[in-house]
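These are the residues of each chain, in order.
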Amino acid sequence: MKITEKEFNIQTGQETITERDATPEEEALFLEAEAARAAAQTE
Amino acid sequence: MGLTTIPVPAPPSPTKSFSLLNAGGTSIAGLSTLTISGISNMDDIYILVNSLQSTPTGNALGLRINADTTNKYGFAGMASYYQPAQNDNSGIPSLRNQAPNSISYIEVGGANYFTYTTWTSSIRISGGATSGVKMVQVIGGTNQYRGTAITGMGQYTGTSTISSITLFSLITDNYASGTVYVYGAN
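These numbers come from a predicted model, not from an experiment.

Here we take up the sheet that holds strand β1 (residues 2-9) of chain A. The sheet built from 6 strands is open, its strands ordered β2(A)-β1(A)-β3(B)-β12(B)-β5(B)-β8(B) with mixed pairing. If you trace the sheet from one side to the other, it starts and ends with β2 (15-21) of chain A together with β8 (106-109) of chain B, each paired once. Strand-to-strand, the axes of this sheet are offset by a mean angle of 20°, without reference to chain direction. Inspection of the sheet shows strand β5 (residues 61-65) of chain B paired to β8(B) by 3 bridges, in the antiparallel sense. Bridge assignment links B:Leu61 to a residue of β8(B), and that residue is B:Gly109.

Rendered as structure tokens:
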């Protein structure tokens, strides 16, 4: 899973975009939320 | 004997004049984390998170100040989320009581569980240009699943003046759409 982060500096107008892989902990949180959503929609 | 001149600090401006710091707003589409940096000498900061939408997985939104991930935050208020077991689209309000210096971010919006829910939050931070406690007021809600909302006051006890604001997905998923407007006044 890819995670995209952006910083926008209001002084310089510069945008910095970083893409990285999710950590195992972040991926687990995502899967947990996805499972909760799926369960809720079937109720 | 000579006179001693005691410097007197300039009094604060009797009126505040807000201006939009990020012209046109900044899109959060495709992002998990958005940081607005370069903020300077803004004592009063107002953030509008407009029409935030998740990707298919619901995606709550957190706030950090100066990218500080330590437990310098607290929040007291009410949050309600759609309860699937109720099956009637009604949110159940519940107390949110997070003591000062007990959490590492303040939740400011976003809805868990549901697809493509549109969420809007208003966040006001006072005391940003001082070394004192920053007070964070949050009001937010969604267009679907009535009763899903968050409201209350939080605080951040970091002593640096505010130079950046970070909004981030609590489950590190990228948002589908949304625009963030940051206003400031000194």
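Moving on from the coordinates now.
Looking now at the environment of B:Gly24. Residue and element names in this part refer to chain B. Inspection of the secondary structure puts Gly 24 in the loop between β1 (19-20) and β2 (26-27). A residue is classified by how much of its surface remains accessible, and Gly 24, at 59% relative accessible area, is exposed. Considered as a pair, Gly 24 and Asn 174 are 150 residues apart in the sequence and their alpha carbons are 21 Å apart. Aside from chain neighbours lying at most four places away, what touches Gly 24 is Thr 179 and Tyr 181.

Next up on the list: the packing of aromatic side chains. All names here are of chain B. For the structure shown, the criterion picks out 3 aromatic pairs over all chains. On the numbers, 4.8 Å between centres and 35° between planes, the contact of Tyr 73 with Tyr 156 is tilted. On the criterion of sequence distance, the pair formed by Tyr 73 in strand β6 (residues 73-82) and Tyr 156 in strand β11 (residues 149-156) is long-range, its members being 83 residues apart. Across the pair, exposure class does not vary: Tyr 73 and Tyr 156 are buried alike.

All names here are of chain B. Note on placement: Val 49 falls in strand β4 (residues 44-53). Spatially, the C-alpha atoms of Val 49 and Gly 109 are 8.7 Å apart, while their sequence positions differ by 60 residues. Val 49 has contacts with Leu 61, Trp 119, Thr 120, Ser 121, Ile 123, Leu 167 and Thr 179, leaving out every residue within four places of it along the chain.

In this section: unusual backbone geometry. All names here are of chain B. In this structure, Asn 41 takes a positive phi of about 55° despite not being glycine. Mapped onto the elements, Asn 41 comes out in the loop between β3 (33-37) and β4. At Asn 101, a residue that is not glycine, the phi angle is positive and equals roughly 60°. Structurally, Asn 101 is set in strand β7 (residues 91-103).

Bringing the pattern of salt bridges into the picture now. Residue and element names in this part refer to chain A. As enumerated under the stated definition, the model contains 8 salt bridges over all chains in all. Between Glu 5 and Arg 20 there is a salt bridge, with its nearest N and O atoms 3.3 Å apart. Of this pair, Glu 5 sits in strand β1 while Arg 20 sits in strand β2, and the two are 15 residues apart along the sequence. In this structure Glu 5 comes out as partly exposed when scored by relative accessible area, which is 22%.

This part takes up the side chain of A:Asn9. Tracing the backbone through its elements, the reader meets A:Asn9 in strand β1. A distance of 2.7 Å separates the side chain of A:Asn9 from the backbone nitrogen of A:Gln11, its partner in a polar contact. There is a polar contact of 3.1 Å between the side chain of A:Asn9 and the backbone nitrogen of A:Thr12. Ignoring sequence-local partners within four residues, the contact set of A:Asn9 consists of A:Gln14, B:Ser37 and B:Gly38.

As a further point, take the nonpolar core. The tendency in soluble globular proteins is for nonpolar side chains to be buried side by side. All names here are of chain B. In this structure, Ile 39, Ile 47, Leu 63, Ile 123, Ile 125 and Leu 167 are the most contacted members of the largest nonpolar core, which totals 35 residues. In terms of residue count, β4 provides more of this core than any other element does, 4 residues in total. Beyond its immediate stretch of four places on either side in the chain, Ile 47 contacts Leu 63, Ser 121, Ser 122, Ile 123, Ile 125, Ile 165, Leu 167, Val 180, Tyr 181 and Val 182.

With that settled, the discussion passes to the pairing of strand β13 (residues 177-185) of chain B. Residues and elements named next belong to chain B. One ladder, built from 2 bridges, connects β1 with β13; its direction is antiparallel. What sits directly across from Ser 19, in β13, is Gly 184. Relative to β13, β2 is paired through 2 bridges, and the arrangement is antiparallel. Each bridged residue has a counterpart across the sheet, and for Ser 27 the counterpart in β13 is Thr 179. Bridge count for β4 against β13 is 8 bridges, and the pairing is antiparallel. What sits directly across from Ile 45, in β13, is Gly 184.

Cut-off values and rules
Residues numbered from 1 in each chain as written. Chains lettered and ligands numbered in written order. Predicted model: local features only at pLDDT ≥ 70, side-chain atom pairs only at ≥ 80, totals over all residues. Heavy atoms only, no water. Pairing = 2+ DSSP bridges. Helix = DSSP H or I, 4+ residues; strand = E, 2+ residues; numbered from the N terminus. Axes fitted to C-alpha atoms, helices over the stretch in contact; angles between N-to-C directions. Buried < 20%, exposed > 50% of the residue type's maximum accessible area, 1.4 Å probe, protein only. Contact = heavy atoms within 4.5 Å. Phe/Tyr/Trp six-rings, centres within 6.5 Å; stacked < 30°, edge-to-face > 60°. Salt bridge = Lys/Arg side-chain N within 4 Å of Asp/Glu carboxyl O. Polar contact = N/O pair within 3.5 Å; in protein donor to acceptor, adjacent residues only side chain to side chain. Core = buried A, V, L, I, M, F, W, Y, C linked by side-chain atoms within 4.5 Å.

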